[in-house]
Amino acid sequence: MPTGPAKLPPPYRIKVVEPIPFLSAEERRLALTEAGYNPFNLRADQVTIDLLSDSGTGATSAAQEAAAALGDESYAGARSWFRFRDEVRDLTGYPHILPVHQGRAGERILFGSLLKPGQICISNTHFDTTHANVELAGAEPRDLPCPEAADLDSDEPFKGNIDLDALERVLTGPEGHRVGLVLVTITNNGLGAQPVSMANLEAVRELCRRHAVPFFLDAARFAENAWLVREREPAYSDWTPRQIATRAFQLADGCVVSLKKDGLTAIGGLIGLRDDDLYAVCEANLIATEGFSTYGGLAGHDLERLAQGLQEVVDPAYLRSRAASTARLTQMINDAGVDTVQPPGIHALYLNAGRLLPHLAPHEFPGHSLGCQLYLDGGIRCAELGSLYLGGMDDEHQLVTPAPFELVRLAIPRRVYTDTHFEYVASVLADIAKAPERVRGYRIVSSPRLLRHFKVRLEPLAPGVVA
Ligand code: F0G
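Each chain carries its own residue numbering, running from 1 in the written order of its sequence. At least 70 in pLDDT is required for a residue's local features to be given in this predicted model, at least 80 for side-chain atom pairs to be given and counted, and no such filter applies to totals for whole chains, interfaces and linings, which use all residues. The basis for every side-chain value is the complete set of non-hydrogen atoms in the structure, without hydrogens or water.

In the annotation of an unreviewed UniProt entry, the entry for the chain reads Tryptophanase, and the organism field reads Dactylosporangium roseum. UniProt positions are given in the numbering used here, feature names are shortened, and annotations may be inferred rather than shown by experiment. Per UniProt, the chain carries the Cofactor (unreviewed entry) text "pyridoxal 5'-phosphate". Annotation of the chain in UniProt includes, under Sequence similarities (unreviewed entry), the sentence "Belongs to the beta-eliminating lyase family."

Chemist: Requested: an account of the sheet that holds strand β3 (residues 120–123), with residues and values cited.
Modeler: In any sheet, the strands associate via hydrogen bonds between backbone groups, in a parallel or an antiparallel arrangement. One open sheet holds the seven strands; their spatial order is β2-β8-β7-β6-β5-β3-β4, and the pairing between them is mixed. Since the sheet does not close on itself, it has two edges, and those belong to β2 (96–100) and β4 (140–143), each with one partner. The mean angle between the axes of side-by-side strands here comes to 20°, regardless of whether they run parallel or antiparallel. Here, any two strands with at least 2 DSSP bridges between them count as paired. Numbered from the N terminus, helices here are DSSP runs of H or I no shorter than four residues, and strands are runs of E no shorter than two. Bridge count for β2 against strand β8 (residues 269–273) is five bridges, and the pairing is antiparallel. Paired with His96 across the two strands is Leu273, which belongs to β8. Axis angles are defined between N-to-C directions and span 0 to 180 degrees, where every axis is a line fitted to C-alpha atoms and, for a helix, only to the segment in contact.

Chemist: Which residues make up the pattern of salt bridges, and what are the values?
Modeler: Should a side-chain nitrogen of Lys or Arg be within 4 Å of a carboxyl oxygen of Asp or Glu, the pair is scored as a salt bridge. Per the counting criterion, the structure on display carries 28 salt bridges. A salt bridge links Glu140 to Arg178; the shortest N-O distance between them is 3.1 Å. Of this pair, Glu140 sits in strand β4 while Arg178 sits in the loop between α6 (164–172) and β5 (179–185), placing them 38 residues apart in sequence. Across the pair Glu202 and Arg247 runs a salt bridge whose closest N-O atoms are separated by 3.6 Å.

Chemist: Quick rundown of helix α5 (residues 128–136)? Include the residues and the values.
Modeler: Side chains three or four residues apart in an α-helix point the same way, a direct result of the helix having 3.6 residues per turn. Exposure is judged per residue with a 1.4 Å probe applied to protein chains only, and the accessible area is read against the type maximum: over 50% gives exposed, under 20% gives buried, and values in between give partly exposed. Those residues of α5 lying buried are Asp128, Thr129, Thr130, Ala132, Asn133 and Val134. Positive backbone phi, approximately 85°, marks Gly138, located one or two places after α5.

Chemist: Any chance you could break down the environment of Thr401 for me, citing the residues and the numbers?
Modeler: On the secondary structure map, Thr401 appears in strand β13 (residues 399–401). For Thr401, a relative accessible area of 46% gives the class partly exposed. Expressed as a C-alpha distance, the spacing of Thr401 and Thr326, which sit 75 residues apart in the sequence, is 32 Å.

Chemist: Let's hear about the site of the ligand: which residues, and what values?
Modeler: Only heavy atoms are used to decide nearness, and a residue is near a molecule or strand if one of them lies within 4 Å of it. Within the structure, the ligand sits among 16 residues, and Ser53, Arg104, Asp218, Ser258 and Lys261 are positioned closest to it. Between N or O atoms, a polar contact is any pair within 3.5 Å; within protein, one atom must be a potential hydrogen donor and the other a potential acceptor, and residues adjacent in sequence are included only when both atoms are from side chains. Take Gln102: an N or O atom from its side chain is 2.8 Å from an oxygen atom of the ligand. Here an oxygen atom of the ligand and a side-chain polar atom of Arg221 are 2.9 Å apart. For the ligand, whose unbound accessible area comes to 470 Å², protein coverage reaches 94%. By residue number, the principal contributor to the shell around the ligand is helix α4 (residues 103–114), which donates three residues. Class assignment of the residues belonging to the shell around the ligand gives a composition of one nonpolar, eight polar and seven charged. Working definition of accessibility: Shrake-Rupley area with a 1.4 Å probe, residue cover restricted to the visible protein chains. Charged residues are taken to be Asp, Glu, Lys and Arg, nonpolar residues to be Ala, Val, Leu, Ile, Met, Phe, Trp, Tyr, Cys and Pro, and polar residues to be all remaining types, Gly included.

Chemist: Can you break down the sheet that holds strand β11 (residues 383–385) residue by residue, with the values?
Modeler: Strand order in the open sheet formed by three strands is β9-β14-β11, with antiparallel pairing between adjacent strands. With one partner strand each, in any of the chains shown, β9 (348–352) and β11 form the two edges of the open sheet. Across the sheet, the mean angle separating the axes of adjacent strands is 35° when strand polarity is ignored. The pairing of β11 with strand β14 (residues 407–411) spans three bridges and is antiparallel. For Ala383, the partnering residue across the bridge sits in β14 and is Arg409.

Chemist: Just give me the short version of empty space enclosed by the protein, but keep the residues and values in it.
Modeler: Cavities and pockets were defined on a 1 Å grid built over protein atoms only: a cavity is a set of grid points that admits a 1.4 Å probe from which the probe cannot escape, a pocket is an open set flanked by protein on both sides within 12 Å along at least five of seven lines, and lining residues are those with an atom within 4 Å of any such point. Grid points are joined across faces, edges and corners, and a volume is the space filled by probe spheres set on the points. According to the stated counting rule, one finds three cavities of 30 Å³ or more in the structure shown. In this model, the largest cavity occupies a volume close to 130 Å³. Lining the largest cavity are 14 residues; nearest its centre among them are Asn38, Pro39, His368, Ala383 and Glu384. For the lining of the largest cavity, the elements supplying multiple residues, two or more each, are α14 (366–378) and β11. For the lining of the largest cavity, the element with the highest residue contribution is α14, accounting for four residues. Classifying every residue of the lining of the largest cavity gives eight nonpolar, five polar and one charged. Here the second largest cavity defines a volume of roughly 60 Å³. What lines the second largest cavity is simply Ala149, Leu152, Lys159, Leu191, Gly192, Gln194, Val341, Phe405 and Leu407.

Following this line, the structure appears as structure tokens:
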């Protein structure tokens, strides 16, 4: 049997399948026009390969579905709750576990209970809902990514790290007393799916201890971070992914987790806590807004799938195969002449649209343009992470502050697509890369003020017209 990681097949075979649609080029053009050129507005049955998100989009296993059949739907104290709670306690070591229906519900409850108006929440990078929930609590989200993250091409192993010097400067400076929380996102979804090292987490813990500031993890991709630690941080090369994940949770005072990623389920989330008083406040908030503390908005069958999924996700064979699959797709895309954020992460790869489409200025949204072209040419759906999403706009929707990079995220659902699907994706991109100048820019037609990228509507610029 071959032993090279790239040569082994995934450690599962496919038992249940779902057909995917193939639309004609004209049907795709019409669909995108009707969607206001925003892929979030497409119907899923208009999409051939859906790389919009890795959240809740994975396949469940036979063992998860078998467990789901045993789901106990009792209102309080269900058997399924105890199975889930024990599994999460064992994984994280936190004594207090609160279930929530998804990550952002956990953010709302945690920040609403922990942060006071006027405080600062510091992160390596806040995810968009995390950012919004910090603001809804009246606090200020502040991102301090490490300087290495700014070089998209370098092979630095831990570009997801928080900038420790900058964190210390804030904690010891005049704003130090305003810092209410340090929240480290593993892996750093907002910055190229890059992992955070254990050394970085240890240093954050020390700084937070010294300044008596709570340190939490946003651990949506805790297992994938653990795998990359094992691969890239020599001190952990003979630890299991589960041991590494447990150690990461141990370093923090608590966590908020979207389980729609590494829980290997369509729905779910949790808050993990050590502090008894904070737990009591969060629990009251949970009962009032999500559900009783033994189900938190989830059904018993969801809790069963999650308890099983949390065991499967730390299987080294699964993580090795998933990491190798993303790395292979990245290699195919790089070979086709399209640069991506390096080194490859696991849950997504990030195309450097700014570099591929130098004829488009940031206010013509090169990332969005590339995303639309992937749909028009191949029925592939993905998400822009550039000036449309992150840029500063004035009241007329004109771009005032461009994003630092014009990226497109291809998110990889778990256990869903095969290498053949990925060869197709790479071939569509390769064709775009042969004549990138034909990709047109876009301008905004209408836009909401908050969380713009979800509901914005655009139109393409006529060839040769500058916005
Ligand atoms: N934190 C991170 C790092 C995330 O990536 C997400 C969701 C959340 C929190 C919120 O969790 O969706 O369960 O409410 N990320 C998805 C994505 C939506 O596509 O990256 P949620």
